[in-house]
Amino acid sequence: MAALVLAAVSAAGLSVAGLSQRSPQGTVPPPVTIGAVPVPVPLTSTAFSFPAGYGLPHALVADPAGAGVWFPAESASAVRLFHWNQATGSLTSIAVLSGPTVATTFYLGPGSVFAMQGSTAVIGTSTPASGNSPLLLYVNTTSGAVRKLSLPAPEAGSTEGDDRHVVQAASIAPDGQVAYSLAAMPGIGIWAPTSNSFSAIAVPGGGDADDLAFAPDGTLVMAVDGNGSGAPDHVAISTASGGSTILGGVGGGLLATDATGVLLRTADGVRQVFSSGVVTALSITAPETVNADAPVIETPAGRYVVATDSGVDIQGSAKAQTFRLPTSVQTCGYFYFPPAGNVLGWTPPPAGGSCTFPGFPVSLGVDAADNIWIIASGADQGMQLIPAGSY
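Residues numbered from 1 in each chain as written. Predicted model: local features only at pLDDT ≥ 70, side-chain atom pairs only at ≥ 80, totals over all residues. Heavy atoms only, no water.

Details of the overall build of the chain
The criterion, for reference: Only DSSP runs of H or I covering at least 4 residues are called helices, and only runs of E covering at least 2 are called strands; the numbering of each starts at the N terminus. For every residue, the accessible area (1.4 Å probe, protein chains only) is compared with the maximum for its type, and the residue is labelled buried under 20%, exposed over 50%, or partly exposed between those bounds. The accessible surface values rely on the Shrake-Rupley method and a 1.4 Å probe; as for residues, cover is taken only from the protein chains in view.
Each helix and strand counted, the chain has one helix and 35 strands in total. Out of the 391 residues in the chain, the part that is buried amounts to 49%. When the accessible surface of the chain is split by element, carbon and sulfur atoms take 55% of a total near 16,900 Å².

See below:
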């Protein structure tokens, strides 16, 4: 990574030296018994702490060119795209948005959109303030150049309210075009960076595209929510030549591009969607998960990393493994409706004031060196890592 491009974190008032290499936190999980032999379940480790002064990140892209990871994060006055170099143990960043209005015009919360293709990254508005245009930040990670895209306004009078301005999904094509969907947009928006022009394509079969992913040949795969349009949840494929296919019997889910097509995670398992429209059910176990949108990725060696409710399962060969995320200690208690009325009550936490919760992955990635990177729910442990060679 060129030194003149990425501003050192210390330039933003953060100290690289202040980052810590930490050992795994939390209670060691109980072993799994295979036959009569107890086999320990390994924990992921914390590679580094997240930068101070910035909100916890919700999305990552593992470095496609080396050992490391990219992730956007936001402070009260800036959005930065951070890069952790695992080989050198250093964190650098690119300032992509700054100023006193950042907090009211751009928000990176749960469901944040972040995608990369080569040296190009896009970061999308998660929940912007009322009345603001939906935004995409288009970043060249080699030159450091940033383009701020005010997307065409969504439908007027939509019942989605402020959610109309949320960028639901975005993906970058091999030729550099960006496809995106908004919460109340009837189709898919396409932005061409060379001409700075916007166009749109219809969602085959109707509905909203909850997730998008370009296959390596430029075919666009969409996980579609019928969303009251009368269309069932489905997966749609749109080719560069204008053709389209609707995949019946496959509900929408979460998408991730792999070497030969797009991986689709649904409630009942993992499938591989090829550009031709063929869908293959992979012969791997669908572990218990928080929801059907738990992520899945494929490693360069052809193994599948599938999010569970407490970590990840690595499958696809004779060596199946489970890695647990460190537990998260948080203040606990619960709300309830008393029998005598509808006033919401609160049961305080037990003595000590905290409860232990298992973490679950909200974003996964595998870098060019085969390291697996994980952002966990709560993210209080920093960036989680399963090093290459340990699985």
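Things to note about the sheet that holds strand E16 (residues 197–202)
Put simply, the rule is: Strand pairing follows a simple DSSP-based rule, namely that at least 2 bridges must link the two strands. To obtain an axis, a line is fitted to C-alpha atoms, over the contacting stretch when the element is a helix, and the angle between two such axes runs from 0 to 180 degrees between their N-to-C directions.
An order of E13-E14-E15-E16 is seen for the four strands of this open sheet, with the pairing classed as antiparallel. Strands with a single pairing partner mark the edges of an open sheet, and in this sheet they are strand E13 (167–172) and E16. Within the sheet, the average angular offset between the axes of one strand and its neighbour, ignoring direction, is 25°. Two elements, E13 and strand E14 (residues 178–182), share five bridges in a ladder whose sense is antiparallel. Its bridge partner being in E14, Ala170 is matched across the sheet by Tyr180.

Some thoughts on the layout of surface pockets
We count it as follows: A pocket here means an open set of points on a 1 Å grid, computed over the protein atoms alone, that has protein on both sides within 12 Å along at least five of seven lines. A cavity is instead a set of points where a 1.4 Å probe fits but cannot get out; residues with an atom within 4 Å of a point line either one. Grid points are joined across faces, edges and corners, and a volume is the space filled by probe spheres set on the points. Polarity classes work like this: nonpolar for Ala, Val, Leu, Ile, Met, Phe, Trp, Tyr, Cys and Pro, charged for Asp, Glu, Lys and Arg, and polar for all others, with Gly in that last group.
Counted as a void, the second largest pocket has a volume near 230 Å³. For the second largest pocket, the full set of lining residues is Ala173, Asp175, Gln177, Ile190, Ile201, Phe214, Gly218, Leu220, Ser238, Thr239 and Ala240. Partitioning the lining of the second largest pocket into residue classes produces six nonpolar, four polar and one charged.

Structural notes on the confidence of the model for the chain
Where we set the bar: Predictor confidence is given residue by residue as pLDDT, running from a minimum of 0 to a maximum of 100. Contacts were defined at the residue level, with two residues in contact if any of their heavy atoms lie within 4.5 Å.
Mean pLDDT for the chain: 75, with 69% of residues reaching 70 or above. At the level of individual helices and strands, the chain shows its lowest average pLDDT in strand E1 (residues 7–8), which scores 32, and its highest in strand E7 (residues 78–85), which scores 95. This stretch, residues 1–26, has a pLDDT under 50; its non-local contacts, to residues over four places away or in other chains, come to 53 contacts.

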